[in-house]
Amino acid sequence: MKHFAIGDSELQTLNNVAIFSQLPSNLLQGLFENTSGTFYENQTDLFMAGDEADGFYILLSGEVHLTILTADGAQSLVRIVEPGESFAEAAMLGLGEFPINGTAMPKSAIVKVSKSLFEKKISNDPEASLHLLSALIKRQQFLISEIKILKSLSPCQRVASKLLSLYESNKWKGSGNLPRCKQTMASNVGIDPASFSRVLRRLEDAGIVCEGQEVIITDPDKLRQYCAGFGYVFDENKLLMSA
């Protein structure tokens, strides 16, 4: 791994992160002055469950996998962090330790905000404190709401909403191989990887066809209509649901 300075391009990316989006530019620069980012060439553990939560992270590029160990010792993927997202804020502010494992995938660039720096900045700057704490609370409430909504959906609804989200956000063209392997996709929406292909086959009436490793949205409007039936309308500012 190697370290890099936080320059204008990185600050622009950080400014678009949800928890920093309402922060004035001078406060954003102050938070990251004398802070560097880290580029991980290879897969690297950032933290393990039970470690002290000594900061939170922002992913600039690449991927971070958040996982837990099941009762039988297997790794279960909880969430894939994508560029422009922050993670581990709640652990730093409330729990005091990381409840899950965080792993940087190869070719990932990450900025870590240490707990000591964060506390120093907000204690010395009431305006920054108000902005950051408000944003962190809203972010946590949003994620909790999304988890509750995800749990309320059937496997078919979870997969359909995920595929529509990938398609509408231009992260996938709607045909061919999925952006990630089916096992990863299944874990990402909280279903058994062994049943992912079976769920896809059940979505033919929703405009989705599965041919081997390829998935095809044959009728985007039909898929939108199917998803709207259980409350999902694509919104780039939300993970899953429209409300």
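Please refer to the structure placed before this passage.
In this report, we go over the structure that sits alongside the text. (Residues numbered from 1 in each chain as written. Predicted model: local features only at pLDDT ≥ 70, side-chain atom pairs only at ≥ 80, totals over all residues. Heavy atoms only, no water.)

## A few points about the overall build of the protein chain
How we decide: Numbered from the N terminus, helices here are DSSP runs of H or I no shorter than four residues, and strands are runs of E no shorter than two. Between buried and exposed lies partly exposed: a residue is buried under 20% and exposed over 50% of the maximum accessible area for its type, with that area taken using a 1.4 Å probe on protein chains only. Here, two residues are considered to be in contact whenever any of their heavy atoms come within 4.5 Å of each other.
For the protein chain, the count of helices and strands is nine helices and 11 strands. Here the protein chain, with 243 residues, has 45% of them falling under the buried criterion. Put simply, of all contacts in the protein chain between residues at least 6 apart along the chain, 70% involve residues at least 24 apart.

## A short note on helix 4 (residues 115-124)
For the record, the criterion: The directions considered for the arc are those from the helix axis to the C-beta atoms.
When helix 4 is considered as a whole, its buried residues turn out to be Leu117, Phe118 and Ile122. Seen from one end, helix 4 has its buried residues packed into an arc of 120°, which puts them on one side. Away from the buried face of helix 4 by more than 90 degrees, exposed residues Ser116, Lys120, Ser123 and Asn124 are located.

## Points about the sheet that holds strand 2 (residues 36-40)
Rules: Between any two strands, pairing holds if DSSP finds at least two bridges. Only the contacting stretch of a helix is used when fitting its axis, a line to C-alpha atoms as for every element, and angles between N-to-C directions run 0 to 180 degrees.
Taken together, the five strands give an open sheet; going across it, the order is 1-2-9-4-7, and neighbouring strands pair in antiparallel fashion. Of all strands in the sheet, those with a lone pairing partner are strand 1 (2-5) and strand 7 (86-87), marking the two edges. Where strand 4 (residues 55-61) meets strand 9 (residues 108-114), six bridges bridge the pair, whose relative direction is antiparallel. Note on strand 9: the bridge partner recorded for Gly55 is Ser114. In the packing of helix 1 (residues 8-15) onto the sheet, the strands contacted are strand 1 and strand 4, and the crossing angle to strand 4 comes to about 110°. Packing of helix 4 onto the sheet brings it into contact with strand 4 and strand 9, and relative to strand 9 it is tilted by some 55°.

## Considerations on helix 1
Glu10, Leu11 and Leu14 are the residues of helix 1 that are buried. Buried residues along helix 1 cover an arc of 100° about the axis, so they all sit on one side. The exposed set on the far side of helix 1, more than 90 degrees from its buried face, consists of Asp8 and Gln12. On the buried face of helix 1, the contacting elements are strand 1, helix 2 (25-32) and strand 4.

## A closer look at the packing of aromatic side chains
Put simply, the rule is: Each pair of aromatic rings taken from Phe, Tyr and Trp, with Trp reduced to its six-membered ring, is defined by centres within 6.5 Å and is described as stacked if the planes are under 30 degrees apart, edge-to-face if over 60, and tilted in the remaining cases.
Applying the stated criterion across every chain yields a total of eight aromatic pairs. Arranged with centres 5.7 Å apart and planes meeting at 75°, the rings of Tyr226 and Phe230 form a pair that is edge-to-face. Pairwise contacts between aromatic rings join Phe20, Phe32, Phe56 and Phe118 into one cluster.

Purely geometric stuff here, so don't read any function into it on its own.
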